[in-house]
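The primary structure of each chain is shown beneath.
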There are 2 protein chains.
Amino acid sequence: MLDFDALTHSSGEWLRGIGPESDVVVSSRVRLARNLDRFPFPPQASEAVKGDVEAVLRGPVAEVLPAGSPGYVRIDPLESLQRQFLVERQIISREHSESKGPRGTGIGPQESISLMVNEEDHLRMQVLRSGMALEECWQEISQMDDRLQQQVKFAFNSEFGYLTSCPTNVGTGMRVSVMLHLPALVMTKEIQKVFQSMHKMGLAVRGLYGEGSQAMGDFYQVSNQSTLGRSEPRIIEEVREVIPDILEYERRTRREMVQQNSDKLHDKVSRAIGILRNARTITSEETMHLLSSVRLGINLGLIEGIEIPTINELFIHTQPAHLQMLSRTPLESSDRNAKRASYIRQRLGAGEGDADE
Amino acid sequence: MLDFDALTHSSGEWLRGIGPESDVVVSSRVRLARNLDRFPFPPQASEAVKGDVEAVLRGPVAEVLPAGSPGYVRIDPLESLQRQFLVERQIISREHSESKGPRGTGIGPQESISLMVNEEDHLRMQVLRSGMALEECWQEISQMDDRLQQQVKFAFNSEFGYLTSCPTNVGTGMRVSVMLHLPALVMTKEIQKVFQSMHKMGLAVRGLYGEGSQAMGDFYQVSNQSTLGRSEPRIIEEVREVIPDILEYERRTRREMVQQNSDKLHDKVSRAIGILRNARTITSEETMHLLSSVRLGINLGLIEGIEIPTINELFIHTQPAHLQMLSRTPLESSDRNAKRASYIRQRLGAGEGDADE
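Residues numbered from 1 in each chain as written. Chains lettered and ligands numbered in written order. Predicted model: local features only at pLDDT ≥ 70, side-chain atom pairs only at ≥ 80, totals over all residues. Heavy atoms only, no water.

Looking at the packing of aromatic side chains
Residue and element names in this part refer to chain A.
And step 1. Enumeration over the complete set of coordinates arrives at eight aromatic pairs over all chains.
And step 2. For the pair Phe 219 and Phe 315, a centre-to-centre distance of 4.5 Å together with 80° between the ring planes defines the contact as edge-to-face. Pair noted here: Phe 219 is in strand β10 (residues 219–224) and Phe 315 is in helix α10 (residues 308–317), with a separation of 96 residues, a long-range link. Both residues of the pair, Phe 219 and Phe 315, belong to the buried class.
And step 3. The ring of Tyr 162 carries the charged tip of Arg 34 above its face, separated from the ring centre by 3.5 Å. (Phe/Tyr/Trp six-rings, centres within 6.5 Å; stacked < 30°, edge-to-face > 60°. Helix = DSSP H or I, 4+ residues; strand = E, 2+ residues; numbered from the N terminus. Buried < 20%, exposed > 50% of the residue type's maximum accessible area, 1.4 Å probe, protein only. Lys NZ or Arg CZ within 6 Å of the ring centre and 35° of its normal.)

Here we look at the side chain of Asp 267 of chain B
And step 1. Here Asp 267 of chain B is to be found in helix α8 (residues 232–278).
And step 2. In this view, Asp 267 of chain B contacts Ala 279, Arg 280 and Thr 281 of chain A; residues no more than four positions away in its chain are not counted. (Contact = heavy atoms within 4.5 Å.)

A look at the domain arrangement of chain A
Residue and element names in this part refer to chain A.
And step 1. Assigned domains within chain A: domain 1 (4–253) and domain 2 (261–348).
And step 2. With 28 residues of domain 1 in contact, the opposing surface of domain 2 contributes 23 residues.
And step 3. Regarding the contact of domain 1 and domain 2, the summed buried area is about 2,300 Å², with carbon and sulfur atoms giving 66% of it.
And step 4. Contact with domain 2 buries surface across domain 1, with Leu 15, Leu 81 and Glu 88 losing the most and accounting together for 24% of the total.
And step 5. Applying the counting rule to domain 1 against domain 2 returns one salt bridge.
And step 6. Note that Arg 328 is salt-bridged to Asp 5, the shortest N-O span being 2.9 Å.
And step 7. On inspection of domain 1 and its partner domain 2, the count reaches 15 residue pairs in polar contact (both at pLDDT 80 or more).
And step 8. For the side of domain 1 that touches domain 2, the secondary-structure elements that each account for two or more residues are α1 (4–8), α3 (80–88) and α6 (183–187).
And step 9. Among the elements that line the side of domain 1 that touches domain 2, the one with the most residues is α3, at five residues.
And step 10. Class assignment of the residues belonging to the side of domain 1 that touches domain 2 gives a composition of 12 nonpolar, 10 polar and six charged. (Domains from an automatic or database assignment. Buried area = accessible area lost by both parts, 1.4 Å probe. Salt bridge = Lys/Arg side-chain N within 4 Å of Asp/Glu carboxyl O. Polar contact = N/O pair within 3.5 Å; in protein donor to acceptor, adjacent residues only side chain to side chain. Nonpolar A, V, L, I, M, F, W, Y, C, P; charged D, E, K, R; others polar.)

What to know about unusual backbone geometry
Residues and elements named next belong to chain A.
And step 1. The phi dihedral of Glu 111 falls on the positive side, at around 60°, and the residue is not glycine.
And step 2. Phi is positive for Arg 328, close to 55°, though the residue is something other than glycine.
And step 3. Checked against the element boundaries, Arg 328 lands in the loop between α11 (320–327) and α12 (333–348).

Structural notes on the sheet that holds strand β8 (residues 174–181) of chain A
Pairing between the strands of a sheet is mediated by backbone hydrogen bonds and can be parallel or antiparallel.
Residue and element names in this part refer to chain A.
And step 1. Strand order in the open sheet formed by eight strands is β2-β3-β4-β5-β1-β8-β10-β9, and the pairing between neighbours is antiparallel. At either margin of the open sheet sits one strand with a lone partner, and together these are β2 (71–74) and β9 (203–206). The sheet shows a mean angle of 20° between the axes of neighbouring strands, taken without regard to direction.
And step 2. In this sheet, β10 lies alongside β8 in antiparallel orientation, the contact comprising five bridges. Paired with Leu 180 across the strands is Tyr 220, a residue of β10. (Pairing = 2+ DSSP bridges. Axes fitted to C-alpha atoms, helices over the stretch in contact; angles between N-to-C directions.)

Considerations on the sheet that holds strand β4 (residues 113–117) of chain B
Residues and elements named next belong to chain B.
And step 1. Spatially, β2-β3-β4-β5-β1-β8-β10-β9 is the arrangement adopted by the eight strands of the open sheet, whose pairing is antiparallel. Two strands lie at the open edges of the sheet, namely β2 (71–74) and β9 (203–206), each paired on one side alone. Between one strand axis and the next, the sheet turns through 20° on average, direction left out of account.
And step 2. Where β9 meets strand β10 (residues 219–224), four bridges bridge the pair, whose relative direction is antiparallel. Following the sheet pairing, Val 205 is matched in β10 by Val 222.

This is the structure we're talking about:
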């Protein structure tokens, strides 16, 4: 059994806000798509087949997890709120939460490893790390992949590579992504240029929660689009080599804002913390927007006494399912907005003049 | 000499925020317009005549001021910034600040009395008091008027009464006004009904700084329009008798907002204090708007630890001339906005997370 209560009050390694380039790079992620040989892939699989796949993979998945891991958890018996919680936590994907039939996830220590059984593929492995750490992610995921292949046989074609449900994943089955916080490029609207240039280089830019999600809180995931015809190290290199330019672009823009518009920037950042510390009701959208300003303010030395990990956590812990888990009850939207405001006040230290504190 | 430095750091009795009905009624004011017999009225008077009038009135004006008054001050030699400061303070009128030629003002203790020489009339007397206190204002101004008439002869016509530069002041020369804080009626847009009903009753509604000024900070002055054909007590009664209805209307609206929209109201009020305590630059308009919410919040018990007089003072002390007097230097608009924000942070206690505090 997964201890949701403990999870609610903790946070993953990738939110620690440390690691190389952590002023801009929130986290690095590598995921591999694998399928068992001789079983229909999940989109074509019956409930019974999914059950068989789950039975085959459950043991090996649990075994490759490092010592001290929460372990393997069945996802299908969980309540919808618990599944949504795991999505917000980035432990499982939205697809894994919403699909049908027997499925589960092997969860590693500090939420840095997820091995999803019966997602879009039979197995979706991911390793997440704080800061710029693609190499470390790759080392760890590659070792688990090797160990799994000693126990199960994955669908593999000598010409194409690993076979997957969706053709875009055929080949290495790998997606490499880096989550960036780009508030200065968003404020100055330069972010469009980043999009265009990534697109030209065959890289994708997505929001905080991946495909189709909005770029909330000025977070952007840069990742490879295709996995076919290149080696894993080459794919990692393709993503890694564009990052320094984006980092330099964001940092230069931050410096220019400080030089040219210091008062306005300081004002924006200070008001953001003032509103977060005092609001009595706040939407998720406004929260992300203000937290983004605060995160920028901390990185620029305009705000003291608040740590980056606290802000990183708040991005996740103020999501709807987290708030409902904290309250131990489902909440309507307006109640969530009130709960969110109260949780933020508690975490950031509320305004002193407030009669209800 | 007027001690501007001391004035900058103090505030008038009428800002104390006490007195009857002070949750809504900020202050009461009575003014009398008088002119010397046998001198042309100011609009027709030459500089030389104004000099003569000033010479005649200066002594008697100083004499009728209570002991401990700052005394009589010549306005024409003052710098424009000092005159604007006195206007913001409501010690002199905008007209008195901007007109030409020899002129002065007798200033009473705690800024509750102003006797303006060579304003639109030779003498404009005003008494200001905190809260609902028209009777007290009238007693005090009437005694000063009687004492002045023992020394000088005012232009008086047995049919019309006191003669004045503008026909609307002929008669008693009296204007009675009550400054109300009506944030709930403004928020709910009910304030228009108050305007219409006052208008029908022949009463005027003006903003914080009188004729032509906007209703900043949800402050409204209700006053009589004409002074002819009624006794002074009757005019006071006409204004006084409408006030209870407006008070009840504002209070009922506040109660309804608390009952029906408590969270939203609390949020608005809390955010206002959060922004005021954290902004690094703020316009006068936004300041007035946010202070109005805070004042409402204190009166509704939603904010603790801040006193009404502090907020009342901030409405005045964050005006442009006040900020420049505090800085001892003329300031451009953007510098004023930064100075205003810093002064407010200092008065209200700044946000804790701010690196520059």
